[in-house]
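Descriptive analysis of the structure
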Amino acid sequence: LDVIRGIEPRIADAIGAELHDQRASLKLIASENYASPAVLLAMGNWLSDKYAEGTVGRRFYAGCRNVDTVESLAAEHARELFGARHAYVQPHSGIDANLVAFWAVLAQRVEAPALERAGVRQVNDLSEADWSALRRELGGQRMLGMSLDAGGHLTHGFRPNISGKMFEQRSYGTDPETGLVDYDAVRAAAREFRPLILIAGYSAYPRLINFRLMREIADEVGATLMVDMAHFAGLVAGKVLTGDFDPVPHAQIVTTTTHKSLRGPRGGMVLCDDSLAEQVDRGCPMVLGGPLPHVMAAKAVALAEARQPAFRDYAQRVVDNARALAEGLLRRGARLVTGGTDNHLALIDVSGYGLTGRQAEAALLDAGIVTNRNAVPRDPNGAWYTSGIRIGTPALTTRGLGTAEMDEVAGLIDTVLGRTTPGTGKNGKPSKAAYVLEEGVAKQVEERAADL
Ligand code: PLP
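The rules behind these values
Residues numbered from 1 in each chain as written. Predicted model: local features only at pLDDT ≥ 70, side-chain atom pairs only at ≥ 80, totals over all residues. UniProt positions renumbered as here; feature names shortened; annotations may be inferred. Helix = DSSP H or I, 4+ residues; strand = E, 2+ residues; numbered from the N terminus. Buried ≥ 20, exposed ≤ 12 C-beta atoms within 10 Å, placed from the backbone. Contact = placed C-beta atoms within 7 Å. Near = placed C-beta within 6 Å. Pairing = 2+ DSSP bridges. Axes fitted to C-alpha atoms, helices over the stretch in contact; angles between N-to-C directions. Left-handed = near helix turned anticlockwise from the far one by under 90°. Nonpolar A, V, L, I, M, F, W, Y, C, P; charged D, E, K, R; others polar. Expected span 1.5 Å × (residues − 1).

What follows deals with the UniProt feature "binding site: (6S)-5,6,7,8-tetrahydrofolate" (unreviewed entry) in the protein chain. According to UniProt, the feature "binding site: (6S)-5,6,7,8-tetrahydrofolate" (unreviewed entry) maps to Leu 148, Gly 152, His 153 and Leu 154 in the numbering used here. Within the element layout of this structure, Gly 152 appears in the loop between strand 5 (142-146) and helix 7 (162-166). Using a count of 25 C-beta atoms within 10 Å as the deciding quantity, one classes Gly 152 as buried. If near-sequence neighbours (up to four positions away) are discounted, Gly 152 is found in contact with Gly 145, Met 146, Ser 147, Ser 171 and Tyr 202. Inspection of the secondary structure assignment puts Leu 154 in the loop between strand 5 and helix 7. A tally of 17 C-beta atoms within 10 Å means that Leu 154 is categorised as partly exposed. Excluding residues within four positions of it along the chain, Leu 154 makes contact with Leu 148, Pro 160 and Asn 161.

Set out below in structure tokens:
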């Protein structure tokens, strides 16, 4: 930090303060973790300075032998860890990985047949008329994914995201009684909508998804099954999710982030079967610019870490901790979406405490508990204020907390939420953002949280 301080002290201070904040608070954001020093060091070095557009052995720049080593190793670790036929480790983030996957499927299912019909090898050889027709066809495809309020992700075809502008989207929700995915309803929606891509995966669904059933549905309607395992990749790597719940043997294409439960650097990755490998490797330059060699190095290190037996133990503890946290909350009277969890996250319906998600998130932060608000199914407060708080255990498990501490964390959350009341806005009217946390509670909880 001293080197940075000599140039821009405010950045050095922000980095130092971030380290303090992340250590002093309870990090319960389900998508965050603590990467190891080895992962962080693999990112902060001279590889960052290298351009390497293209793929291993086929670059548009000279001098890429070290980047080739890095990228090959990251891909090899990914293939072996997940049992995948092919791995593409260049995407800079989860959203990029999804874009690469969408375009790989579009290239395979729409573009390649169009080129064949026209009797040419590449799009540049198409006549103007055929090119216009192809662009219309590419823009008219359909995607079926989980609805946002059931826990789906914005990149799964929703309007504010590019995916929603590329695809005509329809979503499947969860059963109103159980809160679980209803596979019969997914099947019915798929039969009616006939999507090109059936997408499974989530950011805020606290249960497991049966990918064997999802593949059956996709096959029945001629869709490609894509699974976005950004959230639960660490549980797949750690062999907690196996059989029907491991997406890799079932989906034609799987995307992930590398920084959530997988505990690597910020980034994304695509795994696929042989039929899509060539199209996926065209991610750069189709969707991506030059890869980030330093981040690919850190991915290789994180994936090597995830291949160690200790990572299996970690993944199991993440799930055990989530269950203990959920049970601790339920015992204290909290309401959880679906009544519990089978993975690394849970969703508290804070309307049970008379609060919006926004009020609950802010009150918890005052007490040193970092979470994020999240819509619950059919949320009356919408996506901004919400009625939910999403909590996850990957980060606290990395810090070494176990099930006994999780019960205590549940007690701290319940104390804060139970002693918070909705406040009034500047105009004196009830507000969905303002809140009043009883005096002294924040300090008391914060001190206890810092000790854990
Ligand atoms: N997919 C899912 C399921 C996610 O939860 C997220 C991130 O929250 C993403 C994709 C996007 O990842 P990134 O933030 O790295 O672009």
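The discussion continues.
Another point: the environment of Thr 55. Relative to the helices and strands, Thr 55 is located in strand 2 (residues 54-55). Assessed through the 19 C-beta atoms surrounding it within 10 Å, Thr 55 is described here as partly exposed. Separated by 35 residues in sequence, Thr 55 and Gln 90 place their C-alpha atoms 8.9 Å apart.

What follows deals with the UniProt feature "site: Plays an important role in substrate specificity" (unreviewed entry) in the protein chain. The UniProt entry lists His 259 under the feature "site: Plays an important role in substrate specificity" (unreviewed entry), expressed in the numbering used here. Tracing the sequence through the fold places His 259 in the loop between strand 9 (253-257) and strand 10 (268-272). A tally of 25 C-beta atoms within 10 Å means that His 259 is categorised as buried. Not counting residues up to four positions away in its chain, the partners in contact with His 259 are Asn 33, Gly 264, Pro 265, Arg 266 and Gly 267.

Turning our eyes to something else, we now look at the site of the ligand. In the region of the ligand, 14 residues are neighbours, and Ser 93, Gly 94, Ile 95, Ser 203 and Ala 230 sit closest. Here the element with the most residues in the shell around the ligand is helix 5 (residues 94-118); it accounts for 3 residues.

Pairing is antiparallel in the open sheet, where 3 strands are placed in the order 11-14-13. In this open sheet, the two strands that pair with only one neighbour each are strand 11 (345-349) and strand 13 (372-374). Along the sheet, successive strands turn relative to each other by an average axial angle of 40 degrees, direction set aside. Running at roughly 15 degrees to strand 11, helix 14 (residues 309-331) makes contact with strand 11 and strand 14 (388-392) of the sheet. Running over the sheet, helix 15 (residues 357-366) touches strand 13 and strand 14 and is turned about 165 degrees from strand 13.

To continue, consider the packing of helix 4 (residues 65-82) against helix 13 (residues 293-306). Where helix 4 contacts helix 13, the two axes come as close as 8 Å, and the packing angle between them is 35 degrees. Read as a crossing pair, helix 4 and helix 13 show a hand that is left-handed. Judged by residue contacts, Val 67, Val 70, Glu 71, Leu 73, Ala 74, His 77, Ala 78 and Leu 81 of helix 4 engage Pro 293, Met 296, Ala 297, Lys 299, Ala 300, Leu 303, Ala 304 and Ala 306 from helix 13. A class-by-class count of the residues in the contact of helix 4 with helix 13 yields 13 nonpolar, 1 polar and 2 charged.

To continue, consider helix 5. Between its first and last C-alpha, helix 5 extends 34 Å over 25 residues, near the 36 Å set by a 1.5 Å rise per residue. Count one or two residues on from helix 5 and you reach Gly 119, which has phi positive near 70 degrees.

For the rest of this paragraph, the subject is the sheet that holds strand 9. Consider a sheet: its strands pair through backbone hydrogen bonds, and that pairing is either parallel or antiparallel. One open sheet accounts for 7 strands, arranged 4-10-9-8-7-5-6; its pairing is mixed. Among the strands making up the open sheet, the edge pair consists of strand 4 (86-88) and strand 6 (168-172). Geometrically, the sheet is characterised by an average inter-axis angle of 20 degrees between neighbouring strands, direction not taken into account. Of the strand pairs in this sheet, strand 7 (residues 197-201) and strand 8 (residues 224-228) are connected by 5 bridges, and their pairing is parallel. Note that in strand 8 the partner of Ile 197 across the bridge is Thr 224. Against the sheet, helix 5 makes contact with strand 4, strand 7, strand 8, strand 9 and strand 10, and its axis sits at roughly 165 degrees relative to strand 9, the strand it touches most.

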